[in-house]
Each structure stands twice: as structure tokens, then as C-alpha cells.
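Coordinate analysis (summary)
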Amino acid sequence: MRLLALFFFFSFSLFAQELPPITNFDPGIYEAGNQNWMISQGSNKHIYIANSLGLLSFNGAQWKLNRVPNASAVRSVLAQDDRIYTGSYMDFGYWDHNKKGELSYTSLTGLSKENLLDGEQFWHIAALEEYIVFQSLRRLYSYNKKTKQISTISASDIISNLFRVGNKLYYQVASDGLYVIDNGVIERVISNAKIQDRPIIGLFPFEENKILAVTRDDGLFTIEGNSWEPYGFKNYPINESIFIAQLLEDKTLVLGTIGDGLHVYNLDDSSNYQLLQPVINNNTVLSIMEDKAGNIWGGLDNGLVLINRKSPFRLFTDIYGKVGTVYCSYQFGDYLYLGTNQGVYVSTGNSKDYEFIPGTSGQVWSINEINGKLFAGHDRGVFAIEGSKAKHIFDGPGVWEIKAFKNGFLQGHYNGISFWKDGDFKKDPEYLANFDLSSRSLVVENDSVVWVGHDHKGIFKLKIDAEVREVKSTENYNVSYNAGVGLKVFSFNDFIYYSTEDEIYKYNAPKNKFLEENNLNQRIEEPRITGMSRVLPDNTWWGFGEENLIYATKDAFQDRLSVKSVYIPLEYRAISKGFENISLIGEREYLVGSNLGYTVFSTPLVFSEIEKIKINKISTAELENTYQDRNLQLENLELPNQVNNINFEFSIPVYSKLTKPVYSYSIKGYSNGWSDWQAHGSATFENLPPGDYIFQVRGKFNNKITNIASYSFSIAQPWYATTTAIIVYFLLFLLVIFILHKVYTGYFRKQQSRLMERNRKQLEIKQLEAQQEIITLQNQQLELDMASKNRELAASTMNLIKKNEFLNDLKKKLSAANNEADIQRVISIINKNIAEKDNWKLFKEAFDNADKDFLQSVKKVHPNLTSNDLKLCAYLRLNLSSKEIAPLLNISVRSVEIKRYRLRKKMELDHDQGLVEYILKF
């Protein structure tokens with residue numbers, strides 16, 4: 001049992017270490033083989049890895065596996081200038097980036113005058129001036145970059161390794177010794193008699209002109225000239241088999257073992273730590289590389305590990321849950337205390353190996369120093385802490401925190417406030433009367449005024465009489481907010497504040513009100529995830545933002561607040577809302593508790609220089625088709641209309657666990673403004689309309705924004721919207737207009753012709769109608785004239801008849817008179833007045849006016865008629881009786897009848913045909 005307990009303690013101290021941020025990449029993340037044999041960093045700061053399935057590359061955002069032609073494992077890699085040299089099974093060569101940003105391979109084996117040995121593999125690569133040297137187990141192949149020639153160096157036995165130290169190359173030949181290549185001359189430096197078959201796995205420049213040699217199983221040695229001397233180093237893992245070693249710039253030696261993980265040693269002060277599973281993915285380390293930012297990369301037998309050695313952050317990760325969630329912490333002398341949900345833990349000095357303080361099991365809410373003594377507020381009361389021991393001095397309701405007050409202590413309980421005289425621990429503290437609310441947030445303003453914050457009921461100002469253990473008066477300041485938990489009342493720069501998730505309010509004594517208008521509230525612009533605030537002994541105010549810790553200090557030179565932020569991802573400071581915590585553990589050194597353990601950092605934070613963002617890949621596709629890579633070097637990519645899906649991959653070569661870069665992008669001509677910050681380094685746009693675009697992307701890390709990388713491209717109009725098509729459309733439009741013009745012109749001409757013809761006919765009809773109307777009117781006028789003439793003719797005829805009748809009667813009477821001479825004279829005058837010729841002449845003129853052309857018509861039909869016959873016809877047309885005709889002809893009625901009879905015969909009328917009816921027909 002004692003051995004088992006010792007094992008658990010050792011495991012806990014081993015795995016619960018305060019370490020730099022460590023990131024593991026398992027094969028499922030980078031999607032390649034398990035084993036990673038060598039690592040190198042290129043001039044573009046991308047990471048290149050000799051992987052068991054090929055050449056693996058990582059740009060900070062995307063992983064890419066590039067297979068060699070024979071699909072074998074890549075055993076070695078070296079990034080030199082803009083090329084990446086690799087060695088694999090029966091092949092070695094280099095990779096170049098093509099115009100699309102992809103790596104393309106060129107084999108160099110064809111340049112060698114000697115054939116490769118059967119099964120030859122190339123395990124190391126080194127660069128020296130214009131030469132690249134590839135090492136297999138039997139040969140060195142030297143490639144001259146200028147002449148593009150290869151020369152071969154053979155060895156008498158197995159070449160176990162290849163090292164570059166300064167401007168020299170070293171390699172070890174088994175059973176022979178250590179050789180050096182210096183200015184083209186090969187010579188043996190150390191004989192195997194001195195080395196004694198010890199495999200050398202690392203050679204590094206060391207003190208003055210010395211070289212540090214790391215052996216696999218026998219520790220460290222120094223080489224000076226031809227001497228080979230052991231080098232003693234405290235705590236060196238002499239019993240472990242070392243596979244790979246790397247001496248860093250600051251004289252830190254990193255050792256990768258066969259089965260005992262990574263060892264990190266500082267050669268100056270002998271400080272060290274070891275990384276084992278599960279801190280790293282695998283305990284077999286195949287390769288080690290220090291990148292340009294000082295990070296350590298480890299190639300494992302199963303995955304990769306990245307150690308941000310120069311990060312300003314240190315993480316204590318409670319892998320096995322032996323410590324629990326850190327709710328509070330306190331640095332007291334050489335002791336660092338953690339108050340967790342499991343009890344109080346303590347570490348001494350720089351070891352950071354935490355021990356549980358017996359008897360403190362349970363929830364610890366606070367650790368407070370009062371008058372040089374340390375007390376823990378616990379859910380079981382109060383513990384007095386001394387060194388690595390604790391005494392349970394009060395066993396009662398839970399205590400949130402403890403504050404110095406007058407000659408004693410105030411304790412905020414779950415159900416009120418109690419007072420305890422200093423040193424009077426033999427009896428329990430006494431509760432203050434008249435206040436029984438939970439008092440998690442306490443601020444002592446003076447010996448009689450205490451402020452209490454309650455998550456749901458707001459802020460209370462209590463006036464306390466400690467002598468009688470009573471709250472004399474209570475004033476409540478209501479708080480209007482929706483957060484529910486996390487309200488905090490605090491004192492900062494001698495003013496009382498309270499904070500919620502949304503705002504920070506400052507107490508205005510003259511107005512006796514908390515006001516939103518204050519400098520601290522106005523200076524804090526970043527959104528916060530909680531109302532919890534912390535004021536530390538160095539007079540810094542801390543708040544907890546969505547992306548950062550926010551802190552404010554009073555400017556030493558100006559009477560104003562200086563507000564800054566510390567970027568820590570939320571996952572490394574996550575804890576129940578309202579219990580966020582931070583403590584001062586050294587000069588400008590802070591500890592942030594979380595569910596996983598804690599994070600330590602110092603201000604001001606020092607980061608490496610900001611890196612530039614770069615677009616690594618552009619690919620396009622038609623709808624639902626495979627994406628094809630495009631040329632990165634074009635000033636403007638012109639895409640056909642159907643290729644309107646485009647994907648961009650971009651990255652910042654930053655490899656950090658706690659300061660991961662985020663990206664924002666936009667497309668001028670398509671989107672308005674920048675996108676939200678995102679962690680993945682790619683952006684895809686689908687179904688883009690035709691037009692000219694400029695893709696822009698920027699990055700942000702360590703709260704700094706990078707440069708903007710841009711790429712121009714255009715998507716052509718569809719064929720039916722091209723300039724040619726528009727011209728064709730325009731010509732067709734003109735043709736259609738012309739044809740329509742012709743058609744409509746012909747149509748309108750026909751219509752016009754039809755209309756004109758119709759109008760002409762209508763005009764003719766109207767003219768005819770007018771003529772007919774005129775004729776009708778003329779006829780009516782003629783009829784009227786005729787009727788008038790007839791009336792005149794009838795009157796004239798009647799006058800003639802009456803005159804002749806009168807004259808005949810007068811003649812008869814005069815004939816009976818006696819005076820013959822007078823009578824004859826009168827009769828002669830009468831005869832003259834009734835003469836037929838004159839009567840006819842007068843009648844004919846009247847008749848012609850009344851019935852023009854009648855006599856001519858009758859004459860034309862019956863040319864044999866005499867003038868007397870025509871006279872009779874005229875009188876008959878007037879429908880005169882024989883009796884009326886007789887006086888006109890100056891004959892008897894009998895004579896008229898005879899004339900009528902003769903006229904019928906001349907006209908050859910039938911017996912039953914009436915003479916008058918016939919004449920009226922003309």
C-alpha cells in the first residue's frame with residue numbers, strides 16, 4: 001500500500017506540472033502516417049515533416065501530405081532557401097512550389113554517376129555552402145546547387161548520423177570513428193578507440209571552441225580538437241536511451257528518448273522537466289526541431305507535439321483531476337496555495353509539485369491574508385493555514401470570504417455576516433443581527449460601513465456596530481440586470497463600484513447613487529462574460545472578456561486609467577459563471593484559475609514579431625464539380641461564367657496554443673464589410689454572379705491585426721451576356737426592328753390603302769348620297785317647280801278655257817245682235833283673242849316649263865303625229881276632258897272625240913288600252 005501511494009504521488013507530481021503551452025497533433029488531425037522522422041522550417045516559415053507516408057507540410061492552418069513518386073516513407077527533410085529537400089527509400093530530391101502553390105518533386109538520383117545501393121534509404125540531410133548532402137547508411141551524396149552535379153563519398157562501415165557544426169560537416173562511421181568535412185577535405189577527428197562504439201546522436205557548438213556530443217546511452221561528451229572528454233551534467237537521464245537531441249539557442253538541451261518521452265534541460269542552471277504520455281501523444285521521440293519563434297517541435301512515433309517554449313504563459317493542467325477546479329489562489333512567501341473544489345493544495349519554491357493539505361477536503365471559496373496570517377473560507381467554515389498544514393478553527397455554515405474589520409475579522413457566510421475578534425479562535429464568531437442574506441461579495445469601507453453584493457437583491461450598505469454585533473442600518477441599492485449571477489462590489493482607487501456583465505457603476509456619495517457615467521465603465525469597451533471583477537494587491541482591476549482578460553491600472557504619468565488586455569482562450573479560463581478568479585503571485589505575475597487547473601503569465605506580455613498573412617491556395621469549380629487549383633501569381637484570375645465557385649486557403653505561420661490566429665475576409669464587389677473573425681483558414685464562395693472581385697483577408701493574433709493579403713479575379717458574363725453576344729443581340733434587334741418596320745410599314749400601307757379606299761368609297765358614297773340628296777332636293781325643287789308650273793299651266797289653261805268660253809258666249813250673243821257692223825267688228829276682235837295659234841303658243845311655253853321634253857318624247861316614239869295631234873296629247877297629259885279641250889281647240893266636243901279616236905289609231909293603241917294612261921307614261 002505504501003508503494004502504491006508513493007507511485008500515485010510520483011505520478012501526480014510528474015503529470016501535474018506547470019509547463020509551457022503544449023499542443024499535440026495526432027495522425028487523425030494531419031491525416032498522414034504515424035511516424036515523423038525529421039522536421040524542418042522553410043523560408044516561408046511553414047513546417048515540413050518527413051512522414052512515414054510522404055512529405056507533410058503545415059502552414060499554421062492547413063496540413064498537406066505530398067507523396068514521393070514511389071509512395072515510400074520520407075526519412076529526412078531539409079528546407080533550404082525556397083526548396084525542400086527530402087530523402088526516402090531509393091530516392092532523394094527536392095520540392096519546389098509551382099505557380100498554384102503546390103509542391104512538385106524533382107528526383108536527383110539520376111544525376112549520380114553511381115547506382116544506388118539496393119534498399120538504400122536516406123536518413124539525414126545537411127546543407128553546407130552550395131552543397132546539399134544526403135546521408136544513407138553507406139554513402140554521402142553531395143549535390144552542388146550551382147553545377148547540378150552529384151559526387152559520392154563511401155564509408156567502410158555504417159554511417160550512423162550526419163551533423164553540421166558551424167561550417168563543417170561531421171559523420172560517424174561505425175567501428176571507425178567521427179569524420180569531418182572541412183573545405184572539401186575529409187579527415188577523421190575522433191577514432192573509434194576513443195568513442196568506443198558509442199552512437200553519437202547529436203553534435204552542437206558549445207563552450208568556446210568545444211563541441212558537445214550527445215550519445216545514445218552514455219551521456220554527454222565534449223570534443224576539442226581530437227580530444228573526447230565526458231561532460232558531467234546534474235540530473236542527466238543517464239539510464240535512458242536517447243534517440244535524438246537538439247541544443248537550442250539559449251543552451252537548453254532537448255532530448256528525445258526511445259520510450260521515456262521528452263527531457264528538457266537547461267545547461268546553465270540544471271533545471272529540467274520531462275514530458276510523457278498523456279501530456280504528449282507518445283513516449284518515443286523520433287525528431288526534434290526548434291523553429292524561428294523558439295518553439296520546440298517533436299516528431300513522435302505516433303503524432304507530433306508542439307511546445308511553445310517562449311510563450312509568456314505557463315499552464316498547470318490537472319490531467320487526472322487530482323487537484324480539481326481552482327476557485328482561488330494565493331502566494332504567501334515561498335508557498336503557492338490553490339483553493340479548489342477538493343481542498344487546499346500547496347507547492348513550495350519553483351517545484352510546482354502540489355501537495356494536498358490534510359483535513360481541508362471540501363469546497364474552498366477564498367484564501368485571504370489578514371495581519372500576516374492566512375485563512376481559507378471553506379464550505380465547512382474557516383481554516384487557518386501555516387506552511388503545508390491547516391487548522392480548522394471554525395466549523396459552521398459556509399464562509400465565502402474573510403475581511404479585516406476593526407480589531408478582528410468579518411466573515412461573509414451563506415446566511416449572513418459574522419464578526420470574530422483577532423486571535424479569539426477558542427469560541428465561534430458571532431453573527432451580526434439584522435442581516436441574514438448570503439454575503440459572497442464584501443467591501444469594508446471603514447470601521448463602521450460595509451458593502452455587500454447579492455446576486456439577486458442588489459447592493460447593501462450596512463452600518464455596523466461591532467461591539468454589540470449588530471447591523472444598525474441597511475440601505476439597499478437595487479440592480480437592474482439579467483445576468484442572474486456574477487454581481488461584484490469592489491473598491492478601486494478609493495471608490496466603491498459594483499459590476500454586472502453589462503456595466504460598471506460607481507458610487508456617488510453626494511447623490512447617494514451608483515452612476516453608470518464613470519471613467520472605468522467608459523474605458524472598458526470589450527464585452528464581458530460575467531459581472532465578476534477582481535482588484536488585486538498591485539491595484540490592478542481585472543475583468544473577464546469574451547476573448548481576453550481585461551485589466552486597468554492608474555497611469556503613472558497622467559491622472560487617467562490605462563486599459564489593456566491579455567488574450568487567453570476561454571477554454572483555458574473556463575469556470576462556473578460568477579466564480580472567475582485571478583490572483584497576484586509575484587511582481588506583475590498572475591494566476592488564473594479554471595476547470596482544468598490554472599494559467600500563469602506576467603505583464604507586459606512579450607510576443608514574437610507579428611507575422612504576415614499569406615494566401616496559399618486558390619481553387620475553383622463549376623457547380624457540384626471537383627475544385628481545381630489555380631495560379632497564385634496572376635494579377636487577375638479570369639474565370640469563365642460557369643466556374644463561379646471559388647475557395648481560398650490562407651494562413652499565418654504562427655504555431656501557438658494560447659494565441660491562435662483568427663481570420664476575417666471580404667470580397668470587394670460582392671460583400672459589404674469584413675466577416676466575423678474565424679479560426680479556420682479558408683473561405684468558400686459559391687454561385688458568384690459575373691463581375692470583377694478583389695478577395696481580401698487579414699489575420700489577428702495577440703490582439704494585433706496583420707497585413708491584408710489580396711487577390712483579384714473576375715467571372716465572365718455568360719455567353720449570352722458577352723460583348724459579342726450583346727453586339728449580335730443589338731444587330732438582331734436592329735434586324736428585327738427593320739423587319740418589323742418593313743412588316744408594319746407594309747401592313748400600315750395596306751391598312752392605309754384599305755382605309756383610303758374605304759374612305760374613298762365612303763367619300764364616293766357620301767358624294768353619291770350628297771348627289772342623291774342634291775338630286776332629291778333638285779327633284780323636290782323640280783317637283784315643286786313642276787307643281788308650280790302645273791298650277792300655272794292649269795291656271796293658264798283654265799284662264800284660256802274661261803276666256804274662250806266667255807268669248808264664245810259673247811260671240812253667240814253678239815251674233816244675235818242687230819248692228820251687224822259693230823257686231824262684226826267686235827267678233828273680229830274676239831276671234832283674234834281666241835285664235836288657236838296664239839293660245840297654243842302661250843300654252844306650249846307653259847307646258848314646256850311644266851313638263852319638259854314630253855312632246856319630243858312622244859314625237860320620237862310616234863313621228864307620224866301632227867302638231868294638232870301633239871296639242872291634243874299635251875291637253876290629254878293635263879288630264880283635261882273633251883269638254884275642256886274643245887274651247888282650247890275652238891272646236892266642238894264632238895270634234896275633240898273624233899281627234900281622240902284618230903290619235904289612238906296613229907298610236908296604234910289596243911282597244912282596251914286607255915289613251916290618257918298611255919300618254920301619262922311618257
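Residues numbered from 1 in each chain as written. Predicted model: local features only at pLDDT ≥ 70, side-chain atom pairs only at ≥ 80, totals over all residues. Heavy atoms only, no water.

1. A short note on the overall build of the chain
Across its full length, the chain holds twelve helices and 65 strands. Here the C-alpha radius of gyration of the chain, 64 Å, is well above what a compact globule of 922 residues would show, namely 29 Å. Principal-axis analysis of the C-alpha atoms gives the chain an extent of 210 × 100 × 55 Å. Expressed as a percentage of the 922 residues in the chain, the buried residues total 48%. (Helix = DSSP H or I, 4+ residues; strand = E, 2+ residues; numbered from the N terminus. Rg over C-alpha atoms; globule rule 2.2 N^0.38 Å. Buried < 20%, exposed > 50% of the residue type's maximum accessible area, 1.4 Å probe, protein only.)

2. Section: the pairing of strand 6 (residues 63–66)
Side-chain direction in a regular strand flips from residue to residue, so the side chains alternate between the two faces of the sheet. As defined by bridge partners, strand 5 (residues 54–58) adjoins strand 6 across four bridges and the pair is classed as antiparallel. Note that in strand 6 the partner of Phe58 across the bridge is Trp63. The loop that links strand 5 with its antiparallel partner strand 6 comprises four residues; one of these, Gly60, has a positive phi angle of about 105 degrees. (Pairing = 2+ DSSP bridges.)

3. Side note on the packing of helix 9 (residues 867–877) against helix 10 (residues 882–889)
At a minimum axis distance of 10 Å, the contact between helix 9 and helix 10 shows a crossing angle of 140 degrees. When the interaxial angle is binned, helix 9 and helix 10 end up oblique. Of the two elements, helix 9 crosses helix 10, and the hand of that crossing is right-handed. On helix 10, the residues that touch Leu872, Tyr875 and Leu876 of helix 9 are Ile885, Leu888 and Leu889. Among the residues making up the contact of helix 9 with helix 10, the classes are represented as six nonpolar, no polar and no charged. (Axes fitted to C-alpha atoms, helices over the stretch in contact; angles between N-to-C directions. Parallel < 35°, antiparallel > 145°, perpendicular 65-115°, else oblique. Left-handed = near helix turned anticlockwise from the far one by under 90°. Contact = heavy atoms within 4.5 Å. Nonpolar A, V, L, I, M, F, W, Y, C, P; charged D, E, K, R; others polar.)

4. Considering the pattern of salt bridges
For the coordinates displayed, the defined rule picks out 17 salt bridges. Of the charged contacts, one joins Asp555 and Arg560 as a salt bridge, the two residues approaching to 3.7 Å between their closest N and O atoms. Of the charged contacts in the structure, one is a salt bridge between Asp869 and Lys906, with a shortest N-O distance of 2.5 Å. With a gap of 37 residues between them, Asp869 in helix 9 and Lys906 in helix 11 (residues 893–907) connect regions that are remote in the sequence. With a relative accessible area of 9%, Asp869 lands in the buried category. In this structure Lys906 comes out as partly exposed when scored by relative accessible area, which is 29%. Put simply, Asp250, Glu290 and Arg309 are held in one network by salt bridges that share partners. (Salt bridge = Lys/Arg side-chain N within 4 Å of Asp/Glu carboxyl O.)

5. Looking at the nonpolar core
A general feature of soluble globular proteins is that nonpolar side chains tend to end up buried together. One finds Phe648, Phe650, Phe685, Phe695 and Phe713 to be the most contacted residues of the largest nonpolar core, which totals 25 residues. When residues of this core are traced back to their parent elements, those giving at least two are strand 58 (614–621), strand 60 (637–639), strand 61 (645–651), strand 62 (662–668), strand 63 (682–685), strand 64 (691–701) and strand 65 (704–715). (Core = buried A, V, L, I, M, F, W, Y, C linked by side-chain atoms within 4.5 Å.)

6. Overview of the sheet that holds strand 31 (residues 326–332)
Reading across from one edge, 31-32-33-34 is the order of the four strands in this open sheet, with antiparallel pairing throughout. Of all strands in the sheet, those with a lone pairing partner are strand 31 and strand 34 (355–356), marking the two edges. Bridge analysis of strand 31 against strand 32 (residues 335–340) gives six bridges, and the strand direction is antiparallel. Within strand 32, the position partnered with Gln331 by the bridge is Leu336.

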